[in-house]
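One-letter residues, chain by chain:
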Amino acid sequence: MKFSENTLSVLKNFSSINGGVVLKAGQTQKTISPEKCIMVEATLEDNLPSDFGIYDLNQFLGNVTTLRNPELNFSKDSVTLDDGEFSLTYLSCSPQLIISPPEKELALKQVDVTFALTNVLLQKLLKISSMNNLPNMTVVGKDAELRLKIHEKANDTSNHGSVKIGDYSGPDFTATFKTENLKLLPDDYTVEIQNGAFAKFVNKAGNLKYFIALETK
């Protein structure tokens with residue numbers, strides 16, 4: 001088999017969340033950050049033939065891209081990457097060496113707020129956050145509006161900004177993320193928030209699901 005561009009993009013995103021991964025047989029793949037504050041589930045275009053542990057995912061992807069679209073032949077303990085001129089045998093690692101997500105599906109127990117988040121708006125907010133060293137993004141429901149605010153939660157005198165993302169009719173609501181945890185592949189998302197716990201980001205195609213922990217302090 002050969003990895004599609006979609007699969008390579010997803011695995012590159014995985015590597016920004018966790019340096020290692022245990023790929024599972026099939027199309028559904030998951031990873032979780034070592035701090036267990038980010039989990040992602042992706043449905044790939046490619047159907048993997050067997051389970052395979054990769055300790056250094058960036059290194060593995062570097063080999064795949066250097067060999068320029070090689071054929072990948074998976075076995076129990078290794079995968080052979082062959083581009084027609086050069087063949088590399090890459091050994092698997094024990095799953096016990098990698099922090100992996102739970103087998104059961106993660107789901108929100110309740111949904112307190114739902115909104116649409118376009119990629120254009122998200123990238124704009126993240127860029128301004130980075131330029132101004134603002135580590136937090138907060139969803140604020142107040143005065144009949146739902147807004148996204150970028151700021152430094154621990155510093156009331158920091159630069160800050162906000163944008164309206166919808167109307168709101170419930171009780172006053174705030175839910176805060178660390179901007180460094182918003183490691184989403186570029187796409188438009190539907191966001192569901194369980195206050196005090198997690199937010200779920202699902203892309204338009206429904207093949208990417210991110211669960212990101214909210215700041216509780």
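Refer to the preceding data block for the structure.
Notes on the structure in this doc start here. (Residues numbered from 1 in each chain as written. Predicted model: local features only at pLDDT ≥ 70, side-chain atom pairs only at ≥ 80, totals over all residues. Heavy atoms only, no water.)

Remarks on the overall build of the protein chain
The condition that has to hold: Secondary structure elements follow DSSP: runs of H or I of four or more residues count as helices, runs of E of two or more count as strands, with numbering from the N terminus. Accessibility throughout is a Shrake-Rupley quantity obtained with a 1.4 Å probe, and a residue counts as covered only by protein chains that appear here.
Check the secondary structure of the protein chain and you find three helices and 15 strands. If you sum the accessible surface of the protein chain, you get close to 11700 Å²; carbon and sulfur atoms cover 48% of it.

Remarks on the sheet that holds strand β13 (residues 189-193)
The strands that make up a sheet pair up through hydrogen bonds in the backbone, lying either parallel or antiparallel. Formally: Here, any two strands with at least 2 DSSP bridges between them count as paired. Lines fitted to C-alpha atoms define the axes, with helix axes restricted to the stretch in contact, and inter-axis angles between N-to-C directions lie between 0 and 180 degrees. Contact definition: two residues touch when any of their heavy atoms are within 4.5 Å.
Across the sheet, six strands lie side by side as β2-β3-β15-β14-β13-β8; this open sheet has antiparallel pairing. Either end of the sheet is taken by a strand with one partner, and the two such strands are β2 (26-32) and β8 (113-117). Averaged over all adjacent pairs, the angle separating strand axes in this sheet is 20°, with direction ignored. Judged from the five bridges that link them, strand β14 (residues 198-203) and strand β15 (residues 208-213) form a sheet pairing that is antiparallel. Within β15, the residue paired with Val 202 across the bridge is Lys 209. This element, helix α1 (residues 5-17), spans β2, β3 (38-48) and β15 of the sheet and lies at about 155° to β3.

Regarding the nonpolar core
Applied cut-off: In this text, buried Ala, Val, Leu, Ile, Met, Phe, Trp, Tyr and Cys residues form a nonpolar core when linked through side-chain atoms within 4.5 Å. Three exposure classes are used, based on accessible area relative to the maximum for each residue type with a 1.4 Å probe and protein chains only: buried under 20%, partly exposed in between, and exposed over 50%.
Counting 57 residues, the largest nonpolar core has Phe 60, Phe 115, Phe 177, Ile 193, Phe 201 and Tyr 210 as the members making the most contacts within it. Phe 115 has contacts with Val 139, Leu 146, Ile 165, Tyr 189, Thr 190, Val 191 and Ile 193, leaving out every residue within four places of it along the chain.

Points about the pattern of salt bridges
Worth spelling out the cut-off: We define a salt bridge as a side-chain nitrogen of Lys or Arg found within 4 Å of a carboxyl oxygen belonging to Asp or Glu.
According to the stated counting rule, one finds five salt bridges in the structure shown. With a closest N to O distance of 3.9 Å, Lys 30 and Glu 41 form a salt bridge. Of this pair, Lys 30 sits in strand β2 while Glu 41 sits in strand β3, placing them 11 residues apart in sequence. Judged by its relative accessible area of 14%, Glu 41 is buried.

Here's the deal with the environment of Tyr 210
The test is simple: Two N or O atoms count as a polar contact when they lie within 3.5 Å, although within protein this holds only if one can serve as hydrogen donor and the other as acceptor, and sequence-adjacent residues are included solely when both atoms are side-chain atoms.
Positionally, Tyr 210 belongs in strand β15. Each C-alpha atom of the pair Tyr 210 and Thr 31 lies 9.8 Å from the other, and the pair is 179 residues apart in sequence. In contact with Tyr 210, not counting residues within four places along its chain, are Asn 13, Ile 17, Met 39, Val 40, Lys 183, Leu 184, Leu 185, Tyr 189, Ala 199, Lys 200 and Phe 201. Reaching out from Tyr 210, the side chain makes a polar contact with the side chain of Asn 13 at a distance of 2.6 Å. Within the local environment of Tyr 210, its side chain forms a polar contact with the backbone nitrogen of Leu 185, the two atoms lying 3.0 Å apart.

Considering the packing of α1 against helix α2 (residues 57-66)
Defined as follows: An angle counts as roughly parallel when it lies under 35 degrees, as roughly antiparallel when it exceeds 145, as roughly perpendicular when it falls between 65 and 115, and as oblique in every other case. For any pair of crossing helices, the crossing counts as left-handed if the nearer helix is rotated counterclockwise from the farther one by less than a right angle, and right-handed if it is rotated clockwise.
With their axes 9 Å apart at the nearest point, α1 and α2 run at an angle of 150° to one another. One finds that α1 runs roughly antiparallel with respect to α2. Seen along the crossing, α1 lies across α2 with a hand that is left-handed. The segment α1 lies against α2, with Leu 8, Leu 11, Lys 12, Phe 14 and Ser 15 engaging Leu 57, Asn 58, Leu 61 and Val 64.

Focus: unusual backbone geometry
A positive phi angle, close to 55°, is found at Asn 133, a residue other than glycine. Structurally, Asn 133 is set in the loop between α3 (119-131) and β9 (136-142). Exposure remark for Asn 133: the relative accessible area of 65% places this residue in the exposed category. Not every positive phi belongs to a glycine, and Ala 144 is a case in point at roughly 70°.

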